[in-house]
Amino acid sequence: MKTFFRRIQDAEFLPIGEVRKLKVILVMAFLLLITAATIPFSIYFAYPDYVTIIVLSSFVLVYGLMIALLRMNRVTASTQISIIYSIGLTLFYSQGTSSFYAYLFFYITLTIIIFYQDFLSYLSYGLLILALGIYYIISHQEGLALAVDVPGFMYIYIFTLVLFYLIFFAQILYNEKLHSDMNDDWVKMNQVIDKYHDDITTYLELLRKQAKREPLHEERVFQKLVGELAVFVAEQVKDKGKDIMNVFDLYLYVHERGIEKILENEEISVQMKRTADRLNHYLFNRRTDMYSMLINFSSRFLETEKYKPSRYEYHIQHLAQYHDEQLIAFVMIYQYLVREVCGVDAWDQMNKVLTIDEIDQLFKSPEIEAFFSPQLIALYFENRDLFISHFVSCLVEKGGTS
Amino acid sequence: MLNRKRTHMFMEIEDYREDLEIRHLRTKNHFVLALLTLMMILTLIYMLVSGFLLYHTLALLIGFLIVIMFNIAQLAYGKDIYQFYQLNKYITTMGVYALSIAIIFVFQSPSAITVLFIAYAISAFYQDLKVMFINNFLLLFSALMLMVNFSEYLNFQSSNTETEFGIAFFLVAFISILTISSFIIIKQKRFYYNQIALSRETEFRSIDLLIDLEEQNHQKRIDIDSYYKKAQDFFQEFSEILKLDNPFKERMGLLYMLEKNEPVNRILDRYPHYTKEDLERMEDLLIGGKHKLRKVAMKLGHTFTSEVGKAELFSEQQFKSFNHPNDALDVKILLFAVFYAALKRGIAGLPLADKAAMRRILTSTDYYYYVDPKVIDIYEKNSEVFDEICEDILGRKAER
């Protein structure tokens, strides 16, 4: 239970899938409470006893189904069923009593749907609840009014319910757009980061070769260390540590043979192939997630400059206030591109200087908008010959950029 | 003692996340303003049509206008001083509740009590933890106040004990689910911001590391003298073409002195009409070392040819971790052991982590959630055993 509350508290660190699961568990806990309260309330409802018993039994069954689905890790299905369950409870209350608290149920169910932040669910189930709510208000006016009430009180009930729905509709729509934009940004950034890590891995390999060290996974000391650590953890978690060594052997075997050969081998079981395929993402003989995580972790210990608002700013217009400064910056970057290694070679390694054609192509690509204003790019193409004569020709003479 | 409070591995993330929140706050403020205006129009139309007393109608109109005008003013000031956006969240939340309570007192009807839910929905738009607490407190306080002190507003025609208990119970249930929902939604939004901030910081540090490794491998630094000489020649000819007296000369001279790490006083003596702040700002225009222009150039080179495919929203597969839900426990255990052993063994070219810092990062930062909970809990409780195993195998010298 402690761990569960800690996970709620730390939900901002958990991936979406985990949070979805947390949400379902929370909604289920809430529904359990409401269902338990429904038993005494149902005594006052205008249903025959057998209907009440059937409905309550159905709720218990559906609740059991939700638990089973959650245990099978079918989070989406549990989500949908928990919404339908809430709608069922709303119907049970709204058809059983004309009290004000049954009206509150429409808000409760809408909130449960809002909680999942799923646009389509909110649009479909939300509209259904809205329609049921309006119908309830119209058909149970007497239960919702005071002896002397304001004129047209019914419209206030309807408007507030509709407005509540619309406000959260706008919020979900806004979140959806925002998250989708951020996701695009995030995916794009991760791709670029992977490229940095590709280059870092190449350089690390060169340094290893210069130091005449064996690849890490081939070092006996490293293998022994991994084995002992893995066995220790496995013994604590599963009371049986030896099986983990088979997985470790497979990990080393994937390094040695390559995943393709393992997948082709008909003698290897499907389960083992599946494990090998997962391990393949964490090898040491190329840039993998293992390398990326080691690089990220280690980069924590790099000395970097103090945080300032322009830390992640790469657009020249935001870095340089004045036009002359922007042009100076552009000229410096241009020189860097024509002189230093910043292009990928035929083997996808960052190992070559960009050619003039490649630079032109780069300046014409849509990505360039994230770095320079269209005016600067136009200025470059208007004065391209001047740029080439000053920054490229001399390099060509020295055997540099073509 | 186990660590409970999690933070980020890169502390810079906190600052950037705040920046991101502020950037989106303006749009949210616009939404809230539109909703307030809509609420005002609907209330006034209803009051006029239903024949409420004119001074009641005018009083509410003035109330709405005060909150709306206040909003507009804060939005205007917020352009220059972002704290006004922050202040606006709290003032508007309290304002919208004050208006809702005023509506309840004027209408004296249970139907008006539901306006409190609209107040909650409007304030929830900010998706801010502090606003959420104020929002919950105000909703609970208003609901309790009405039930205890103004129970006549809930005196329905068919009122009985069941109804009274039902209203109290389901109102509390409603507020509870709203609170849980808002809390998790806010945390989820933070997760998105965290991921963006984390990627930005990872990129920043990866470029730094790449510069270090490039220089180590190629044994080559940027030839500053040559860069500036060629740029000066270029600007001279460019100015002649434009028939101008080279306007770039002074700034180029100043930047060159900055590249050469000349003392600030000497630079300011030579260029007296520049300030210390100007120099700090212009440091972003240096190409040498790990300065910004070099980073821009490197990023430009890496962005080139990058393609973005369609991916599921912050898809699980895109995350680099040892805690993928579909992986077997044995795989998760092994990968953590490999990762830990590699860090302890060290990789030539990567900065080294000391023992205490490693433990702190693994147990108290976002890294905690990159590992299966069962595995990381074992590490958290037995980190000394882990260290002893490493010392035994690698020798004490390897231990840092």
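Residues numbered from 1 in each chain as written. Chains lettered and ligands numbered in written order. Predicted model: local features only at pLDDT ≥ 70, side-chain atom pairs only at ≥ 80, totals over all residues.

Re the overall build of chain A
Operational definition: In DSSP terms, a helix is any run of H or I states spanning at least four residues, a strand is any run of E spanning at least two, and both are numbered starting from the N terminus. C-alpha atoms define the radius of gyration, and 2.2 Å times the number of residues to the power 0.38 defines the globule rule. In this scheme every C-beta is placed from the backbone, and a residue whose C-beta has 20 or more other C-beta atoms within 10 Å is buried, one with 12 or fewer is exposed, and one in between is partly exposed. Here the contact rule is simple: place C-beta atoms from the backbone, and any two residues whose C-beta atoms are within 7 Å are in contact.
Helices and strands together make up the secondary structure of chain A, namely 18 helices and 2 strands. For 402 residues, the compact-globule formula gives about 21 Å, and the C-alpha radius of gyration of chain A, at 32 Å, lies well above that figure. Expressed as lengths along the three principal axes of its C-alpha atoms, the size of chain A is roughly 95 × 65 × 40 Å. In chain A, which comprises 402 residues, the proportion classed as buried is 38%. Intrachain contacts of chain A at a sequence separation of at least 6 include 53% that bridge at least 24 residues.

Regarding the overall build of chain B
A tally of helices and strands in chain B yields 16 helices and 0 strands. The 400 residues of chain B split such that 43% are buried. In chain B, the proportion of contacts linking residues at least 24 apart, taken out of those at least 6 apart, comes to 65%.

What to know about helix H15 (residues 323-339) of chain A
Within an α-helix, residues lying three or four positions from one another point in the same direction, as the helix has 3.6 residues per turn. The condition is simple: Residue count minus one, scaled by 1.5 Å, sets the expected span of a helix.
With 17 residues, H15(A) should reach 24 Å at 1.5 Å per residue; the first-to-last C-alpha distance of 24 Å fits that figure. With 14 of 17 residues buried, H15(A) is to be regarded as a mostly interior element.

A closer look at the domain arrangement of chain A
For the record, the criterion: Marked domain ranges trace back to an automatic or database domain assignment.
Per the domain assignment, the segments of chain A are domain 1 (2-182), domain 2 (214-299) and domain 3 (316-397). The C-alpha centroid of domain 2 of chain A is placed 46 Å from the C-alpha centroid of domain 1 of chain A.

Side note on the environment of Glu325(A)
As for its position among the elements, Glu325(A) is in helix H15. Overall, the presence of 19 C-beta atoms within 10 Å leaves Glu325(A) in the partly exposed class. Placed 70 residues apart in sequence, Glu325(A) and His255(A) show a C-alpha to C-alpha distance of 51 Å. Not counting chain neighbours up to four residues away, the residues in contact with Glu325(A) comprise Ala320(A), Arg251(B) and Leu285(B).

With respect to the packing of helix H4 (residues 75-96) of chain A against helix H5 (residues 100-116) of chain A
Residues and elements named next belong to chain A. Operational definition: Axis angles are defined between N-to-C directions and span 0 to 180 degrees, where every axis is a line fitted to C-alpha atoms and, for a helix, only to the segment in contact. Any angle that falls under 35 degrees is termed roughly parallel, while one over 145 is termed roughly antiparallel, one within 65 to 115 roughly perpendicular, and all others oblique.
Axis separation between H4 and H5 bottoms out at 9 Å; the angle between their running directions is 175 degrees. It follows from the interaxial angle that H4 and H5 lie roughly antiparallel. Between H4 and H5, the residues in contact are Thr79, Ile83, Ser86, Ile87, Leu89, Thr90, Tyr93 and Ser94 and Ala102, Phe105, Phe106, Thr109, Ile112, Ile113 and Tyr116, respectively.

A few points about unusual backbone geometry
A positive phi angle, close to 55 degrees, is found at Lys212(A), a residue other than glycine. Residue position: Lys212(A) is located in the loop between helix H8 (153-210) and helix H9 (220-238). Judged by C-beta crowding, with 6 C-beta atoms within 10 Å, Lys212(A) ranks as exposed. Of note in this structure, Lys243(B) is not a glycine but carries a positive phi near 55 degrees. With respect to the helices and strands, Lys243(B) occurs in the loop between helix H8 (224-241) and helix H9 (249-259). Looking at Lys243(B), the number of C-beta atoms within 10 Å reads 6, which means it is exposed.

Considerations on the interface of chain B and chain A
Counted only if it meets this: When residues are sorted by character, Ala, Val, Leu, Ile, Met, Phe, Trp, Tyr, Cys and Pro go into the nonpolar class, Asp, Glu, Lys and Arg into the charged class, and all the rest, Gly among them, into the polar class.
Contact residues are listed per partner, giving 142 residues for chain B and 146 residues for chain A. Among the elements that take part in the side of chain B that touches chain A, helix H7 (residues 161-218) of chain B stands out by supplying 38 residues, more than any other. Residue composition of the side of chain B that touches chain A, by class: 88 nonpolar, 25 polar and 29 charged.

Focus on the confidence of the model for chain A
Cut-off, in case you're wondering: Known as pLDDT, the predictor's per-residue confidence is scaled from 0 to 100.
Residues of chain A with pLDDT of at least 70 account for 95%, and the chain-wide mean is 89. Element-level pLDDT for chain A is lowest in strand E1 (residues 341-344) of chain A, with a mean of 70, against a maximum mean of 95 in helix H6 (residues 119-139) of chain A.

Some remarks on H8(B)
Residues and elements named next belong to chain B. Filter applied, for reference: Each direction from the helix axis to a C-beta atom contributes to the arc, which is the arc of those directions.
For H8, spanning 18 residues, the distance from its first C-alpha to its last is 26 Å, which sits close to the expected 26 Å at 1.5 Å a residue. Here H8 has its buried residues at Tyr227, Tyr228, Ala231, Phe234, Phe235 and Phe238. Buried positions in H8, seen along its axis, are confined to an arc of 130 degrees and lie on one side of it. Facing away from the buried side of H8 by over 90 degrees, the exposed positions are Asp225, Ser226, Lys229 and Glu240. Just beyond H8, the residue with positive phi is Lys243, at close to 55 degrees.

Concerning the confidence of the model for chain B
Here chain B averages 87 in pLDDT, and 93% of its residues register 70 or above. Two summary scores accompany this predicted model of the complex, namely pTM at 0.85 and ipTM at 0.84.

Regarding the environment of Ser176(B)
Residue and element names in this part refer to chain B. Mapped onto the elements of the fold, Ser176 is located in helix H7. The partly exposed category is assigned to Ser176, around which 16 C-beta atoms lie within 10 Å. Through-space distance from the C-alpha of Ser176 to that of Ser151 is 22 Å; in sequence the pair is 25 residues apart.

Here we look at the packing of H15(A) against H8(B)
A pair of packed helices can be characterised by two numbers: the angle between their axes and the separation between those axes. We count it as follows: Two helices that cross are described as forming a left-handed crossing if the nearer one is turned anticlockwise from the farther one by less than a right angle, and a right-handed crossing if clockwise.
Close contact between H15(A) and H8(B) brings their axes to 10 Å; oriented N to C, the two are set at 125 degrees. The orientation of H15(A) with respect to H8(B), classified from their angle, is oblique. Crossing angle aside, the handedness with which H15(A) passes H8(B) is right-handed. Here H15(A) contributes Val331(A), Met332(A) and Gln335(A) to the contact with H8(B), which in turn contributes Tyr227(B), Lys230(B), Ala231(B) and Phe234(B). Taken together, the residues that form the contact of H15(A) with H8(B) break down as 5 nonpolar, 1 polar and 1 charged.

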